[in-house]
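Below, each chain spelled out in residue letters.
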Amino acid sequence: MLLVTVALMIEARPLCAQLGLKAVSGHSYPVFQNGKTILVVSGTGALNASASAGWALGRFPEISMALNIGFAGASETVASMHEWRYIHSIRDEASGHMGIPDILWNHPFKESALLTVGKVLREDIGWKGLVDMEGSGFYQAARRSLAPDRIALLKWISDYLTGEIDVKITERKYANAIAEIGDFLNHLEEEASTCAVEEAQSPYFEMIQQRLRLSQTQLLFIEKWLAGYIARGGDWQLVEDLLPEEPPKHKSGNARIFEQLKNVLKG
């Protein structure tokens, strides 16, 4: 399943129309679903983005890929108004933390760096990339559950760092922009479904399952991390070297090896 997160309902509505997502009640956040995708509206800010992504990944363990999509600002010298940009790196302004998704598939977009800030910018700060308020929070939360090649950020230039947009015009143009990338969104849905099938069929996963006593939640994480590790060309021998011939008798032994596997598989 594909997880899509957005900050605002204005960003969610065209996606729901494009992907055929229906509202689902009874959740902590506004949630929309079809058989392949779950969309969560987080609210603005990195903390909200992190909390909603973490909630969704914990609540729906079948999620195998995550996409954050929506508005961003940029200098006129960096990107054109209402242009899509695929994000190759995310820097958090407050902490300086850098996140780098692995981009292993072809896409039709120009790529940019993204700076996540704590408040709306109303002037150009000299950053040679895009600016938003959610990207770093989303990425850090998704990275706890997913390999970096299973995480994507796609941003649409809504303003030239003025802090103001014409809501009606922006909503109309954004809806048209979502329709134009329908094929890409459908590709991500299919990619997420394929990932889930490959994870379930992996003989490597069966070996881990046989040699460790892990909870169902831990096994779900192993499935996701392992699929990404294999997709990146990871060395299986490094994983096998960590596995005992027989499952450890005590929980502490299983927990220790699980942490070692996590460090190797997540990269």
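The structure under discussion appears in the preceding block.
Just so you know, these numbers come straight off a predicted model, no measurement behind them. Every chain is numbered independently, its residues counted from 1 as its sequence is written. Given that the model is predicted, a residue must reach a pLDDT of at least 70 before its local features are reported, and side-chain atom pairs must reach 80 or more before they are shown or counted; all residues, however, enter totals for whole chains, interfaces and linings. As a convention, hydrogens and water are excluded, and side-chain values are obtained from all of the structure's heavy atoms.

Looking at this structure, how should I read the overall build of the chain?
Each helix corresponds to a stretch of at least 4 residues labelled H or I by DSSP, and each strand to a stretch of at least 2 residues labelled E; elements are numbered beginning at the N terminus. Counting its secondary structure elements, the chain contains nine helices and ten strands. Both definitions apply: the radius of gyration is a C-alpha atom measure, and the globule rule equals 2.2 Å times residues to the power 0.38. Whereas a compact globule of 267 residues would reach a radius of gyration of roughly 18 Å, the chain reaches 19 Å, a difference of no more than 12%. Along the three orthogonal principal directions, the C-alpha set of the chain runs to about 65 × 40 × 35 Å. When each of the 267 residues of the chain is scored for burial, the buried share is 52%. By the convention used here, residues are in contact when the closest approach between their heavy atoms is within 4.5 Å. The contacts of the chain with a sequence gap of at least 6 include a subset with a gap of at least 24, amounting to 72%. Exposure is judged per residue with a 1.4 Å probe applied to protein chains only, and the accessible area is read against the type maximum: over 50% gives exposed, under 20% gives buried, and values in between give partly exposed.

Is there a simple way to think about the pairing of strand 10 (residues 151-159) in this case?
Residues in a regular strand project their side chains so that they alternate between the two faces of the sheet. Taking burial as the measure, the nine residues of strand 10 include nine buried ones, the bulk of the element. Two strands are said to pair when DSSP picks up at least two bridges between them. Pairing geometry for strand 5 (residues 65-74) and strand 10, over eight bridges, is parallel. Paired with F71 across the strands is W156, a residue of strand 10. For strand 6 (residues 84-92) and strand 10, the ladder comprises three bridges, and the chain directions are antiparallel. When the sheet's bridge partners are listed, W84 is paired in strand 10 with W156.

Quick question: what am I supposed to make of the pattern of salt bridges here?
Where charged atoms of side chains with opposite charge meet at close range, the side chains can pair. What counts as a salt bridge is simple: a side-chain nitrogen of Lys or Arg found within 4 Å of a carboxyl oxygen of Asp or Glu. All told, the structure shown has eight salt bridges when counted by the stated rule. Among the ionic pairs, R13 bridges to E171, the shortest N-O distance being 3.1 Å. In this pair, R13 sits in helix 1 (residues 9-19) while E171 sits in helix 4 (residues 167-180), placing the two residues 158 residues apart along the sequence. Exposure remark for R13: the relative accessible area of 43% places this residue in the partly exposed category. With a relative accessible area of 28%, E171 lands in the partly exposed category. Residue K262 is joined to E259 by a salt bridge in which the shortest nitrogen-to-oxygen separation is 3.1 Å. Taken as a pair, K262 and E259 lie in helix 9 (residues 251-266) at a separation of three residues, close to a single helical turn. With relative accessibility at 36%, the residue E259 sits in the partly exposed group. Residues participating in the shared-partner salt-bridge network are E83, R85 and K110.

Honestly, the environment of Q140 in this entry has me stumped. Any pointers?
One can find Q140 in helix 3 (residues 135-143). Exposure remark for Q140: the relative accessible area of 28% places this residue in the partly exposed category. Considered as a pair, Q140 and W105 are 35 residues apart in the sequence and their alpha carbons are 21 Å apart.

Honestly, the packing of aromatic side chains in this entry has me stumped. Any pointers?
Think of a pair of aromatic rings as described by two things: how far the centres are apart, and how the planes are tilted against each other in angle. Aromatic pairs are defined between Phe, Tyr and Trp rings, using the six-membered ring for Trp, whenever the two ring centres lie within 6.5 Å; interplanar angles under 30 degrees are classed as stacked, those over 60 as edge-to-face, and all others as tilted. In the structure shown here, the tally under the stated rule is ten aromatic pairs. Between Y29 and W55, the aromatic rings sit 5.3 Å apart at their centres with planes inclined by 55 degrees, giving tilted as the arrangement. A residue pair is termed long-range when its members are at least 10 positions apart, and Y29 in the loop between strand 2 (22-24) and strand 3 (31-33) and W55 in helix 2 (residues 46-59) qualify at 26 residues. The pair Y29 / W55 is uniform in exposure class, with both members buried. Two thresholds decide whether a charge sits over a ring: the Lys NZ or Arg CZ must be within 6 Å of the ring centre and within 35 degrees of the ring normal. Here the guanidinium or amino end of R59 rests over the ring plane of F60, the centre of that ring lying 5.0 Å away.

What is the right way to look at the packing of helix 2 against helix 3 in this model?
Each pair of packed helices can be summarised by the angle the axes make with each other and by the distance between the axes. The convention used is that axes are lines fitted to C-alpha atoms, helices contributing only their stretch in contact, and that angles between N-to-C directions extend from 0 to 180 degrees. The contact between helix 2 and helix 3 brings their axes to 7 Å, and the two run at 25 degrees. For the element pair helix 2 / helix 3, the angle class is roughly parallel. The way helix 2 lies across helix 3 gives a crossing that is right-handed. Of helix 3, the residues touching helix 2 (which contributes A46, A49, S50, A53, G54 and L57) are S136, G137, F138, A141 and A142. Gly falls in the polar group here, along with every residue not listed as nonpolar (Ala, Val, Leu, Ile, Met, Phe, Trp, Tyr, Cys, Pro) or charged (Asp, Glu, Lys, Arg). Partitioning the contact of helix 2 with helix 3 into residue classes produces seven nonpolar, four polar and no charged. Convention used here: angles under 35 degrees read as roughly parallel, angles over 145 as roughly antiparallel, angles from 65 to 115 as roughly perpendicular, and any remaining angle as oblique. A clockwise turn of the near helix away from the far one marks a right-handed crossing, whereas an anticlockwise turn of less than a right angle marks a left-handed crossing.

Hey, could you run me through the environment of L146 in this one?
In this fold, L146 is placed in the loop between helix 3 and strand 10. Relative accessible area serves as the criterion here: at 0%, L146 is assigned to the buried category. Distance in space between the C-alpha atoms of L146 and L57 is 9.1 Å, their sequence separation being 89 residues.

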